[in-house]
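# Understanding the architecture of this molecule
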Amino acid sequence: MIKLYDYELSVNCYKVRLLLNFLLVPHKLHSIDFFPGWEHKSEWFREINPLGHIPVIDDEGFLLRDSNAILIYLAAKYDQSCRWYPVHEPSRLGEVSQWMMFSEGTTNTASAARLHDSLGYEFDIEACREGAHKLFRVLDEHLWFQEQNGSSWLCSGDDPTLADLVIFPDVILSEEGGISRVGYPAIRRWADRFRHLPDFSLMAGVLPT
Amino acid sequence: MREQLTERMASQWHPIAAISDLHKRHVFQTELLGHELAVWRADDGYVNVWENRCLHRGSRLSLGINDGAELVCAYHGWRYSSRTAGCTYIPAHPSDAPAQTVCNRVYPVSLKYGLVWAALDQPENTPDIGLPETAEPLVLRSLLVGGSVEAVKGHLEIAEFALPPRVDEAGAEFELEAHPSNPLCYLNFSTDDSVSVRFILQPFDGARTVVHGLYGPALEDGSRLPVLRHYNTLLTKFREAFESENMVLAEQSGEGFDSPTSVGRNFDSVVAVEVEAEVSKRWEVASGVVGMELRPVEGEFSTFQPGAHLDLHLPNGLTRQYSVINGPGEQGYFQIGIKLEEESRGGSLFLHQEVQEGDRLRISGPHNNFGLRRDVPRTVLLAGGIGVTPLVAMAQSLHRSDLDFSLDYFVQSKEHVAFEERLDGLGAHLQIHTGLSPDETIQIVKEKLGAYDYLSQVYCCGPPPMISAIREQALILGWPPETVHYEYFENQTVLNDESIFQVHLARSGLTLDVESGRTILEVLRENGISLPSSCEQGACGTCEVAVLDGVPFHQDVYLNEAEHESGNRIMTCVSRSHSEQLVLDI
């Protein structure tokens, strides 16, 4: 069975939990005392991931780190429908990759602001928030025009993809970093739609809708 | 200057969203003049604009759940009804109806030109931006800009917005002009006047403004997108230029308008005493049963909860109680079912024979002493004849909340089935039983109840012998008395009013004599103590008072045996005292 080295409050771990639950893949969680224990920096954990980051998965001995890498692996291996990561559709695959790159930005701004506010990380909080708002404006505009085109998700097609899944956690927890979503109506509606997906899972701070 | 502007703007209509922003079951979040708003559309199409704050702990309601009829706070589950914003349910007090005063602030709303308009104070007229009433312009993407409404106005006045290239190749008026009667609206026309564009400013708070745009005339499906893109690009550029000059991003909000002072309890809408209602609809519901829809002649009715009843004060001096059959979120009118009683003393007979559509009746309430728990895994509803009315409201509520329940409805014949149009929606939860004998009825009741499961609740209403038989069965099957809820329409007890005793009122210090032939309620009222009452025959529970000392002589059918034995509550309309004195907590 897949083992996920996990921390409940981590957005990157949440991304992996979301996909495991969407795909109904049996798994067990190994909880890491990220805060205040810094267990991810411990000697034993650095043998699993020398970078000292979570999440990491262990799939019957196959170790993989970095949430985006883990998600691609899990989708390619366990999603028979190729819905979440459309490997056979080049243009959609390109779109998914584009937004997965974009999510690096939202994680480094919106989710960084959250780490600053809730776990005391020393980041330039104003820069984080301003950066997040710039990205949210791009996201809201894109989603608004997607709605005009009759599309519910970030990429073309009828189904959500890893693009939606990786950006959703940064967005839905942004208020914990002092970033209001009041000016982003299309983002707020998209977040509703994502939470209504079958087998969607919650985490602390994410409310059902 | 600022104050005057704010004051003037408070009683003006402002666009706060596009109607298309209000997706099904979504809660839209915005602000108007510094007031945070939660905007949501119920499944019946009604658009609610409320203060974005739960009356419990102040959490934003925009984080909550729109269930299509009620808005549920995400934090502790307080529910608020569409239209009135009155609280219908508090999970921490599952058996009690919330007080009528627990009512959120609602703002005036108008839907026009594809936009949702709201105001802080009721404006005198309708939204006016110089468009024909029936115009249906294309709603552009609105943008939140980081600047006060005055600052954004100043920049719009000098902005040059080109019309989309294909529309006006001959060249257009690039400059915007302010609308003569609405200083927050800017116009832009093509040279031949065939196309007009309007930008309307929403004063968001002291440092932020939303720019809404309308493009007319309406366009074909295929040609909308280029126009939407064109104006989105223009407005985005406008915002960038404005903000870089003003060194702000939209988020840096802050001062300017005074913070809202009220945490919106809306006492105005609370109906305390009798109000006048008009019979807006009257129809045959079933054999011998007339349905009536009542609408307020002035103002609004207060919020009802499932199980609530109204008092109808008839011109012939009689007062009668009827349960509200509305479903959740169905506010603004009440529907009731009136059965013609064979031995009518003038109540149902009068309503059946004399009252027509358009007539007016005096009503009070709603009262709710038959509260529904909305937190249990299994609810059994048992209805006999016209006793179905409160249970129709309950069933619709449970159904909406996806809670498991069954409604068994016992009637004489198919012709006696009332409110079929509402019952049809209940699907497999409903079973109708026709023409059963009392023994056959109780056999089914036994099966439905089964042995008591943790947290199950049963609610029954019907002829008194049926309620008594159900209560007896429930007791035999191990249902604790507090899980068995019932409502008698009448008290068939032969009342004894001979005893003479005193009541001492612990709070006001008065001691009053109750002579034979008088009731406690009458004596209290004669001495200036106002107490709500409704049926005045010991059935509805409205005139209940707590007893601190003494032994009550109960003659009501509202309290159950355990409650009678405990002796700490009394129905002042019929019950008396075994002891020489009763000490009441009033």
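Residues numbered from 1 in each chain as written. Chains lettered and ligands numbered in written order. Predicted model: local features only at pLDDT ≥ 70, side-chain atom pairs only at ≥ 80, totals over all residues. Heavy atoms only, no water.

Take the overall build of chain B next. Scanning chain B from N- to C-terminus turns up 10 helices and 34 strands. A burial count over chain B gives 55% of its 586 residues as buried. Summarising the internal contacts of chain B: among those between residues at least 6 apart in sequence, 64% fall at separations of at least 24. Summing over all exposed atoms, chain B offers an accessible surface of approximately 25600 Å²; the carbon and sulfur share of this is 48%. On chain B, the mean spot of the 44 positive side-chain charges and the mean spot of the 82 negative ones are 4 Å from each other. (Helix = DSSP H or I, 4+ residues; strand = E, 2+ residues; numbered from the N terminus. Buried < 20%, exposed > 50% of the residue type's maximum accessible area, 1.4 Å probe, protein only. Contact = heavy atoms within 4.5 Å. Areas by Shrake-Rupley, 256 points an atom, 1.4 Å probe, with all protein chains shown as cover. Lys, Arg positive; Asp, Glu negative; His and termini not counted. Charge placed at Lys NZ, Arg CZ, Asp CG, Glu CD.)

We now examine the overall build of chain A. Helix and strand counts for chain A come out as 7 helices and 4 strands. Here chain A has a C-alpha radius of gyration of 17 Å; the compact-globule value for 209 residues is 17 Å, and the two agree. The principal-axis extents of the C-alpha atoms in chain A amount to approximately 50 × 40 × 30 Å. Counting every position in chain A, which comprises 209 residues, the buried fraction comes to 55%. Expressed as a percentage of contacts within chain A between residues at least 6 apart in sequence, the contacts between residues at least 24 apart total 64%. Looking at chain A as shown, the accessible area adds up to about 8800 Å², and 54% of this sits on carbon and sulfur atoms. Across chain A, the 19 positively charged side chains and the 30 negatively charged ones have centroids separated by 1 Å. (Rg over C-alpha atoms; globule rule 2.2 N^0.38 Å.)

Turning our eyes to something else, we now look at the sheet that holds strand 2 (residues 27–32) of chain B. Residues and elements named next belong to chain B. Ordered by their spatial adjacency, 3 strands build an open sheet running 2-3-4, and the pairing between neighbours is antiparallel. Strand pairing shows two members of the sheet lacking a second neighbour, strand 2 and strand 4 (47–51), which therefore form its edges. In this sheet, neighbouring strand axes are inclined to one another by 30° on average, regardless of whether the strands run parallel or antiparallel. Where strand 2 meets strand 3 (residues 35–41), 6 bridges bridge the pair, whose relative direction is antiparallel. Note on strand 3: the bridge partner recorded for Gln29 is Ala38. (Pairing = 2+ DSSP bridges. Axes fitted to C-alpha atoms, helices over the stretch in contact; angles between N-to-C directions.)

Residue and element names in this part refer to chain A. Turning to its location among the elements, Asn68 is positioned in helix 3 (residues 67–78). Given the relative accessible area of 12%, Asn68 is considered buried. Look past the residues within four positions of Asn68 in its chain and what remains in contact with it is Met100, Ser103, Glu104 and Val166.

Much of the literature gives interface size as the accessible area that the parts lose upon coming together. Residue and element names in this part refer to chain A. If you check the domain split of chain A, you get domain 1 (2–78) and domain 2 (90–195). Taking only C-alpha atoms, the centre of domain 1 and the centre of domain 2 are 21 Å apart. Listed by partner, the interface residues are 15 residues for domain 1 and 16 residues for domain 2. Across the interface of domain 1 and domain 2, roughly 1300 Å² is buried in total on both sides, 73% from carbon and sulfur atoms. For domain 1, the biggest contributors to the area lost against domain 2 are Val11, Lys15 and Asn68; these three give 37% of the whole. The tally of links between domain 1 and domain 2 comes to 3 residue pairs in polar contact (both at pLDDT 80 or more). Elements supplying a minimum of two residues to the side of domain 1 that touches domain 2: helix 1 (11–22) and helix 3. (Domains from an automatic or database assignment. Buried area = accessible area lost by both parts, 1.4 Å probe. Polar contact = N/O pair within 3.5 Å; in protein donor to acceptor, adjacent residues only side chain to side chain.)

As enumerated under the stated definition, the model contains 42 salt bridges over all chains in all. For Arg92(A), the salt bridge identified is with Glu89(A), shortest N-O distance 3.2 Å. Classification of Arg92(A) by relative accessible area gives buried; the value is 11%. The partner of Arg129(A) in a salt bridge is Glu126(A), and the shortest N-O contact between them spans 3.8 Å. Taken as a pair, Arg129(A) and Glu126(A) lie in helix 5 (residues 125–148) at a separation of 3 residues, close to a single helical turn. On the basis of relative accessible area, Arg129(A) is assigned to the partly exposed category, the value being 21%. When its relative accessible area of 44% is taken as the criterion, Glu126(A) is described as partly exposed. Among the charged side chains, a salt-bridge network with shared partners connects Glu147(A), Arg189(A), Arg193(A) and Asp21(B). (Salt bridge = Lys/Arg side-chain N within 4 Å of Asp/Glu carboxyl O.)

For the rest of this paragraph, the subject is the packing of helix 4 (residues 90–119) of chain A against helix 6 (residues 162–172) of chain A. Residue and element names in this part refer to chain A. Two elements in contact, helix 4 and helix 6, have axes whose closest approach is 9 Å; the angle formed by their N-to-C orientations is 5°. Viewed along their axes, helix 4 and helix 6 adopt a mutual orientation that is roughly parallel. Contacts from Val96, Trp99, Met100, Phe102, Ser103, Thr106, Thr107, Ala110 and Ser111 of helix 4 reach helix 6 at Leu162, Ala163, Val166, Ile167 and Asp170. Of the residues belonging to the contact of helix 4 with helix 6, the class tally is 9 nonpolar, 4 polar and 1 charged. (Parallel < 35°, antiparallel > 145°, perpendicular 65-115°, else oblique. Nonpolar A, V, L, I, M, F, W, Y, C, P; charged D, E, K, R; others polar.)

Judged by nonpolar contacts, the single largest core of 100 residues is most densely connected at Trp84(A), Phe168(A), Trp190(A), Phe194(A) and Phe199(B). Excluding anything up to four places from it in sequence, Phe194(A) contacts Leu18(A), Phe22(A), Trp84(A), Trp153(A), Asp164(A), Leu165(A), Phe168(A) and Phe200(A). Residues Ile386(B), Val417(B), Leu430(B) and Tyr459(B) belong to the second largest nonpolar core, which totals 28 residues. (Core = buried A, V, L, I, M, F, W, Y, C linked by side-chain atoms within 4.5 Å.)

Domain assignment breaks chain B into domain 1 (2–246), domain 2 (271–367), domain 3 (379–487) and domain 4 (501–584). Distance from the C-alpha centre of domain 1 of chain B to the C-alpha centre of domain 4 of chain B: 54 Å.

A separate point is the interface of chain B and chain A. The partner chain A presents 24 residues to the 31 residues of chain B that form the contact. At the junction of chain B and chain A, the tally comes to 3 salt bridges. Between Arg137(A) and Glu243(B) there is a salt bridge, with its nearest N and O atoms 2.9 Å apart. Counting every contact that joins chain B to chain A gives 9 residue pairs in polar contact (both at pLDDT 80 or more). Secondary structure elements with two or more residues in the side of chain B that touches chain A: strand 2 and helix 3 (221–246) of chain B. Counting residues per element, the side of chain B that touches chain A draws most heavily on helix 3 of chain B, which supplies 7 residues.

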